[in-house]
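Listed below, chain by chain, are the residues.
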Amino acid sequence: MAANGSMDVPEISAEWYRDVVDAAASSPEPVQWFIGHATEGVILLLGALLVLAALTRRSGGPHDRALALVAPLPALLAYAGSEWLKTVVDEDRPCRTVGRAIIAGTCPPPGDFSFPSNHATIAGALAVTTLLLSRRLGLVALPLAALAAFSRVFVGVHYPHDVIAGVLLGALVAVVAMPLLARPAAEALRRRTERADRQLPKLASRTRH
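These figures come from a predicted structure and were not determined experimentally.

**A short note on the confidence of the model for the protein chain**
Of all residues in the protein chain, 86% have pLDDT values of 70 or greater, and the mean over the chain is 85. Taken element by element, the protein chain is modelled with least confidence in strand β1 (residues 2-4), mean pLDDT 51, and with most confidence in helix α7 (residues 118-133), mean pLDDT 96.

**Comments concerning the pattern of salt bridges**
Enumeration over the complete set of coordinates arrives at two salt bridges. With its nearest N and O atoms 3.3 Å apart, the salt bridge here joins Arg18 to Glu11. Residue Arg18 is classed as partly exposed on the basis of its relative accessible area, which comes to 24%. Among the residues examined, Glu11 registers a relative accessible area of 31% and is labelled partly exposed. With its nearest N and O atoms 2.8 Å apart, the salt bridge here joins Asp112 to Arg93. Note that Asp112 is positioned in the loop between α6 (94-97) and α7 and Arg93 in the loop between α5 (73-89) and α6, a separation of 19 residues in sequence. Residue classification places Asp112 among the partly exposed positions, given a relative accessible area of 30%.

**Here's the deal with a nonpolar patch on the surface**
A cluster of nonpolar residues, Leu132, Leu172, Val175, Val176 and Leu180, forms a patch on the protein surface that exposes about 430 Å² of accessible area. Within the secondary structure, Val175 is located in helix α9 (residues 160-208). The exposure class assigned to Val175 is partly exposed, which follows from its relative accessible area of 45%.

**Some words on the packing of helix α2 (residues 29-36) against helix α8 (residues 135-154)**
As a packed pair, α2 and α8 sit with axes 9 Å apart at the nearest point and diverge in direction by 120°. Relative to α8, α2 is oriented oblique. The segment α2 lies against α8, with Val31, Gln32 and Ile35 engaging Phe150, Ser151 and Phe154.

What counts, and at which threshold
Residues numbered from 1 in each chain as written. Predicted model: local features only at pLDDT ≥ 70, side-chain atom pairs only at ≥ 80, totals over all residues. Heavy atoms only, no water. pLDDT = per-residue confidence, 0-100. Helix = DSSP H or I, 4+ residues; strand = E, 2+ residues; numbered from the N terminus. Salt bridge = Lys/Arg side-chain N within 4 Å of Asp/Glu carboxyl O. Buried < 20%, exposed > 50% of the residue type's maximum accessible area, 1.4 Å probe, protein only. Patch = residues over 30% accessible without salt bridge, like charges linked within 9 Å, V, L, I, M, F, W, Y side chains within 5 Å. Areas by Shrake-Rupley, 256 points an atom, 1.4 Å probe, with all protein chains shown as cover. Axes fitted to C-alpha atoms, helices over the stretch in contact; angles between N-to-C directions. Parallel < 35°, antiparallel > 145°, perpendicular 65-115°, else oblique. Contact = heavy atoms within 4.5 Å.

This is the structure we're talking about:
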């Protein structure tokens, strides 16, 4: 284990980081540019896939509509959880401790801790939420989430274990939060539908008189 902030970094993760960053530094400039800009673009694409998956559920029953309604929340909860973990773990960024050239431009400032990766956490939550809404779109989202996670190591700002933990955290939050959040939302939608159904005869009766 390698000492890093208040956390001991697994040596295998540090070795993988060195290998990936060295390969990134020697890769063609178009590859560096593409992967260097991939993270933000992939997150936006994952968000678009989530919206599309949610729209496919809106025409269903209360449970389907509830899933569509709460779909953005797992990513927000996962992000909040990753931010909290950063303050607990206090792992320094590898670009400040390992001493390899990075292609990210600048290393995040001190105090912007590394474990887990926020981007990987959000990507994992978006991808798994999309999968829970639509298998077809989810199978597109999962490799995109993997690309977003890998790009954070490639540019030199995260260890591999940071992004693996982030993806797993996001996936776990999505799997747990979606049914828990959807259940009360579905019940509220059912009650609303029942009230509307009870009011229809009254409105019809008034119009006849």
